[in-house]
Amino acid sequence: LGLPPTHFIRHNRLNLIYQFWIHTEVVGRAHWAVELVMNTASHHRLHHRPPANGNYAGVFIIWDRLFGTLLSERHVNAKNV
């Protein structure tokens, strides 16, 4: 395929760390600049919470902003109170 095995292994390790970080309940909100562009644990929690239907981004949350599928914990929690 033309891809050195070391690149695949490096990518696999970084992706594993990122997926662990994004799925943890320990992490609260990230810096506002990171929350603006990257999919964070705060965004991803809503992706798994029913009946939420949004936050589909894998890495860059900018796509959910573009397509109108972005959900925010602040807005969802305000509706449920």
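Residues numbered from 1 in each chain as written. Predicted model: local features only at pLDDT ≥ 70, side-chain atom pairs only at ≥ 80, totals over all residues. Heavy atoms only, no water.

S.K.: I keep staring at the overall build of the protein and nothing clicks. Help me out?
M.R.: In terms of regular secondary structure, the protein is built from five helices and zero strands. Counted from the first residue to the last, the protein has its helices and strands arranged as α-α-α-α-α. Whereas a compact globule of 81 residues would reach a radius of gyration of roughly 12 Å, the protein reaches 15 Å, over 25% beyond that. Across its three principal directions, the C-alpha atoms of the protein cover 50 × 30 × 25 Å. Partitioning the intrachain contacts of the protein with sequence separation of at least 6 by distance along the chain shows that 29% fall at a separation of at least 24. Just so you have it, the protein exposes about 6,200 Å², and 68% of that area is on carbon and sulfur atoms. A distance of 4 Å separates the average location of the 8 positive side-chain charges in the protein from that of its 4 negative side-chain charges. (Helix = DSSP H or I, 4+ residues; strand = E, 2+ residues; numbered from the N terminus. Rg over C-alpha atoms; globule rule 2.2 N^0.38 Å. Contact = heavy atoms within 4.5 Å. Areas by Shrake-Rupley, 256 points an atom, 1.4 Å probe, with all protein chains shown as cover. Lys, Arg positive; Asp, Glu negative; His and termini not counted. Charge placed at Lys NZ, Arg CZ, Asp CG, Glu CD.)

S.K.: Please explain the layout of surface pockets as it appears in this structure.
M.R.: The rolling of a water-molecule-sized probe over the atoms marks out the regions of remaining empty space. By volume, the largest pocket is sized at about 180 Å³. For the largest pocket, the lining is made up of 10 residues, of which Arg29, Glu35, His43, Arg65 and Arg74 are closest to its centre. Secondary-structure elements contributing two or more residues to the lining of the largest pocket are α2 (32-37) and α5 (73-80). Ranked by residues supplied to the lining of the largest pocket, first place goes to α2 with three residues. When its residues are assigned to classes, the lining of the largest pocket shows three nonpolar, three polar and four charged. (1 Å grid on protein atoms, 1.4 Å probe; cavity = no way out; pocket = protein on both sides within 12 Å on 5 of 7 lines; lining within 4 Å. Points joined across faces, edges and corners; volume = space filled by probe spheres on them. Nonpolar A, V, L, I, M, F, W, Y, C, P; charged D, E, K, R; others polar.)

S.K.: Before we go on, may I ask you to explain the side chain of Ser42 in this structure?
M.R.: Relative to the assigned elements, Ser42 resides in helix α3 (residues 41-48). Residues in contact with Ser42, not counting those within four places in the same chain, are Gly28, Arg29, Glu35 and Glu73.

S.K.: How do you make sense of the environment of His43 when you look at a structure like this?
M.R.: Residue position: His43 is located in helix α3. When the C-alpha positions of His43 and Tyr56 are compared, they lie 9.2 Å apart, and in sequence the two are 13 residues distant.

S.K.: Before we go on, may I ask you to explain unusual backbone geometry in this structure?
M.R.: In terms of backbone geometry, most residues other than glycine have negative phi values and most peptide bonds are trans. In this structure, Asn55 takes a positive phi of about 55° despite not being glycine. Mapped onto the fold, Asn55 is located in the loop between α3 and α4 (62-67).

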